[in-house]
Structures are given as structure tokens and as C-alpha cells.
Amino acid sequence: MRGAHVASMDQATRGKASNTGLPAPADAAQLEAILAAHADSEGALLPVLHAVQETFGYVPAAAVAPIAEALNLSKAEVTGVVSFYHDFRDAPAGRHVLKLCRAEACQAMGGRGLAERALRRLGIGWGGTTANGALTVEAVYCLGLCAIAPAALLDGEPVARLDGPALDVLCARAEAP
Ligand code: FES
């Protein structure tokens, strides 16, 4: 990995808070520290992206060029990995995050219909956030709760044996301002 530096980070976005009040999208010092911590590591991209998301709540577009430069990758390679893995966000999440399981056992227990119902009700797609910034819905692929499917996580807390009314209640609670 080349020496970590963030000279190419967009100066215009550095240090500004986002409109949603979530962490600033491009804190050069924090990004530089993340890149420095992974200097000389083999296969550093995934650990770096995880650290960036943990720090900022998502992978800001402004961070792609410095990450690519530090890891000797193209920006397209970095962006491709961010968009391929469902774990990574390219925009800040809402105040609550609902992860609905889309793996086989949950789908077999009606998960697909439940998810469609929830997304329709909220007026968003997968990975989307409600207009009031309250709730983001993301896909997850098996939570290890197959025996009590369909399963979900709300802000990291497992929810099992979901049905329509239960999911409506969950969404309504999470959507509340
Ligand atoms: S398939 Fe959904 S928890 Fe395993």
C-alpha cells in the first residue's frame, strides 16, 4: 500500500456537517488515520471500508479517491466493492436501521411479501431512507435465525417470526420523529 494521504479529498466537503446531522462526510484526519493503520496490510480494502463506515456511518463519495490512491487501486474498483457488498452504504443511514433478511429460509416463510409490503408502505426501495430521515431499510442475508423466520434486525436487535402487523408496528415505531 502506498503512503496514506488524503490530498485528493474534496476540500469543499471537508469538515462540514451533513444536513441530516450525521457525521461529516469527509473528515480528512480520521480518514488519514484509518489509511495509516492499514498501511502495508495485504487486502486492506475491505478492512479500510469497514473502518470508514464505522467512523462516518457510510462510505462518503469524497473518500473513494483517497482510498483508491492509498491502496493503489482505481476509483472504479473501490466504488465497485462498496456497491457489491450490502454491508456498505454510500449515503448516511436514517436514525434507525431495519435489516430484513432476504435469505432462503426467511423468503420461504413469507419474507419477500413482508419486505415488499414494508417498502411500499414506507415509500422507499432497498437501502432507502424515509423522507423524514427516520428509518433506513436494508437487506441482510441470514441472521442465523432461520428456525424463527422471517427474521430482521432493528438497530441491531433481532426480531423473529415477523408477520404483517408486527412489521407495521415496527416500522411505525421506527418512523416516528
Ligand atoms: S435465512 Fe433469514 S435468518 Fe437465516
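Further up the page is the structure itself.
Residues numbered from 1 in each chain as written. Predicted model: local features only at pLDDT ≥ 70, side-chain atom pairs only at ≥ 80, totals over all residues.

A. Molecular detail of the overall build of the protein. Scanning the protein from N- to C-terminus turns up seven helices and four strands. The linear arrangement of helices and strands in the protein, starting from the amino end, is α-α-α-α-β-α-α-β-β-β-α. For the protein, the proportion of contacts with a sequence separation of at least 24, taken over those separated by at least 6, is 62%. (Helix = DSSP H or I, 4+ residues; strand = E, 2+ residues; numbered from the N terminus. Contact = placed C-beta atoms within 7 Å.)

B. Summary view of helix α1 (residues 28–37). Taken residue by residue, α1 has Ala-28, Leu-31, Ile-34 and Leu-35 as its buried positions. Along the axis of α1, the buried residues cluster in a sector spanning 125°; they form a single face. Those residues of α1 that are buried lie in contact with α2 (45–56) and α3 (61–71). (Buried ≥ 20, exposed ≤ 12 C-beta atoms within 10 Å, placed from the backbone. Arc of directions from axis to C-beta.)

C. Region of interest: the sheet that holds strand β4 (residues 157–159). Across the sheet, which stays open at both edges, the four strands sit in the order β2-β1-β3-β4 with mixed pairing between neighbours. Either end of the sheet is taken by a strand with one partner, and the two such strands are β2 (135–140) and β4. Neighbour-to-neighbour, the strand axes of the sheet open up by a mean angle of 25°, direction not taken into account. The pairing of strand β1 (residues 96–101) with strand β3 (residues 152–154) spans three bridges and is antiparallel. By the bridge assignment for β3, Leu-98 is matched with Leu-154. (Pairing = 2+ DSSP bridges. Axes fitted to C-alpha atoms, helices over the stretch in contact; angles between N-to-C directions.)

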